[in-house]
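# Chains, contacts and geometry: an overview
Residue-level listing of the chains:
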Amino acid sequence: MAQLTIQNLRKCFASTTAVDSVNLHVEDGELICLLGPSGSGKSTILRMIGGFEHPTSGAILIDGQDVTRLPPERRPTGMMFQSHALWSHMTVFGNIAFGLKLRRLPKAEIREKVESALELVGLGGYGTRMTSQLSGGQQQRVALARSLVLEPKILLLDEPFASLDQHLRERLREEVRDIQQRLGITTLFVTHGQDEALAMADRIAVLRDGRIEQIAPADVIYRQP
Ligand code: ADP
Ligand code: ADP
C-alpha cells in the first residue's frame, strides 16, 4: 500500500510540451485512470513515474519519498506496457523470474514467488511453456505477473489491453480490477477508452494537451451532459 504524489510535473520535448504542470495525489489502494485522446500526455506521465523518462521539472513522491531522480530499478513501481512484448526465447517462468534473478534471490524463493504470481493471474502450472505458445490474453497475464512479482508499491499499466479483441479486453479488465483490489495495490491505468475507464477506475483524470482537465469519481464525470 502506498500513496503517490505528483507535483508540478512537466515534460518538454524539443518543440512540444507533452506534460504541463500536472498535480495529482493517488491514495493508498486507489485505482486512477488517466483518460484522454492520443497525444494528451498519458504515457509520458506514466513513464516519468516509472523512471523511464526524466521530467523537465516537478517532483514524484511515493509515500513521501522523492523518487524523481531514481532509476527505474530503484523505484517501488511495476510497469506493464501495451507493446513491451515478453521475451519469446524464454519460458513463462524465465520471463517472470528475470527481475528476481537480477536481485540474486535464492532459487527456492524465486520459484515460490513466480509460482504465486502465476496463480494470481490464473496461470498456475504454466511456468514451463514458451511464451510464444500462449494466446494474446495469456501473454498479457504473464506480463502482469512479471510486473507484480517484484511486489511494487505502485502498479503502472499503459493501455495493457489495446492489442486484444473487445471480448477479451472486457474479461481482462475485470480480472485486473479484481487482482488490484485483492492486493490493495495503488494503480495508475492509462487508457483512451471511456468504457474501460468507467469499468475500472475509482477516479478518472481526464487529460487534454498535457494537463489534467478534470479529476473526479467515474460516476461524477459520466453524470455530466
Ligand atoms: P498519449 O500517451 O496520451 O498518447 P504521449 O505521452 O505519448 O501521449 O505524448 C504526448 C506528446 O508528447 C505527443 O505530442 C507526443 O508526440 C509527444 N512525445 C511523446 N514522446 C516523445 C518523444 N520521445 N519525443 C518527442 N515527442 C514525444
Ligand atoms: P536456471 O537458473 O538455470 O534458469 P532454474 O532452476 O531457475 O534454473 O530453472 C530451470 C528451468 O526450470 C526454468 O527455465 C523453468 O523453465 C523451469 N522451472 C523452474 N521452476 C519452475 C516452476 N516453479 N514452474 C515452472 N517451471 C519452472
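Here is what the cut-offs are and how they apply
Residues numbered from 1 in each chain as written. Chains lettered and ligands numbered in written order. Predicted model: local features only at pLDDT ≥ 70, side-chain atom pairs only at ≥ 80, totals over all residues. Heavy atoms only, no water. Near = heavy atom within 4 Å. Polar contact = N/O pair within 3.5 Å; in protein donor to acceptor, adjacent residues only side chain to side chain. Helix = DSSP H or I, 4+ residues; strand = E, 2+ residues; numbered from the N terminus. Nonpolar A, V, L, I, M, F, W, Y, C, P; charged D, E, K, R; others polar. Buried < 20%, exposed > 50% of the residue type's maximum accessible area, 1.4 Å probe, protein only. Contact = heavy atoms within 4.5 Å. Areas by Shrake-Rupley, 256 points an atom, 1.4 Å probe, with all protein chains shown as cover.

## A short note on the site of ligand 2
Around ligand 2, the neighbouring residues are Thr91, Phe93, Lys101, Lys107, Arg111, Glu115, Gly127 and Thr128. At 3.4 Å from an oxygen atom of ligand 2 is found a side-chain nitrogen or oxygen belonging to threonine 91. A distance of 2.4 Å separates an oxygen atom of ligand 2 from a polar atom in the side chain of arginine 111. Of all elements in the fold, only α2 (92-102) and α3 (107-120) reach the threshold of two or more residues within the shell around ligand 2. The greatest single-element share of the shell around ligand 2, amounting to three residues, is contributed by α3. When the residues that make up the shell around ligand 2 are grouped by side-chain class, the tally is one nonpolar, three polar and four charged.

## Structural notes on the side chain of arginine 177
With respect to the helices and strands, arginine 177 occurs in helix α5 (residues 166-183). A relative accessible area of 13% places arginine 177 in the buried class. With sequence-adjacent residues up to four places away left out, arginine 177 is seen in contact with Leu31, Met200, Ala201 and Asp202.

## Section: the site of ligand 1
Taken together, the residues surrounding ligand 1 are Phe13, Thr16, Ala18, Pro37, Ser38, Gly39, Ser40, Gly41, Lys42, Ser43 and Thr44. At 2.7 Å, a backbone N or O of glycine 39 approaches an oxygen atom of ligand 1. A distance of 2.8 Å separates an oxygen atom of ligand 1 from a polar atom in the backbone of serine 43. Considered on its own, ligand 1 offers 560 Å² of accessible surface; in the complex 59% of this is hidden by protein. For the shell around ligand 1, the element with the highest residue contribution is helix α1 (residues 42-50), accounting for three residues.

That is the geometry; function is a separate question.
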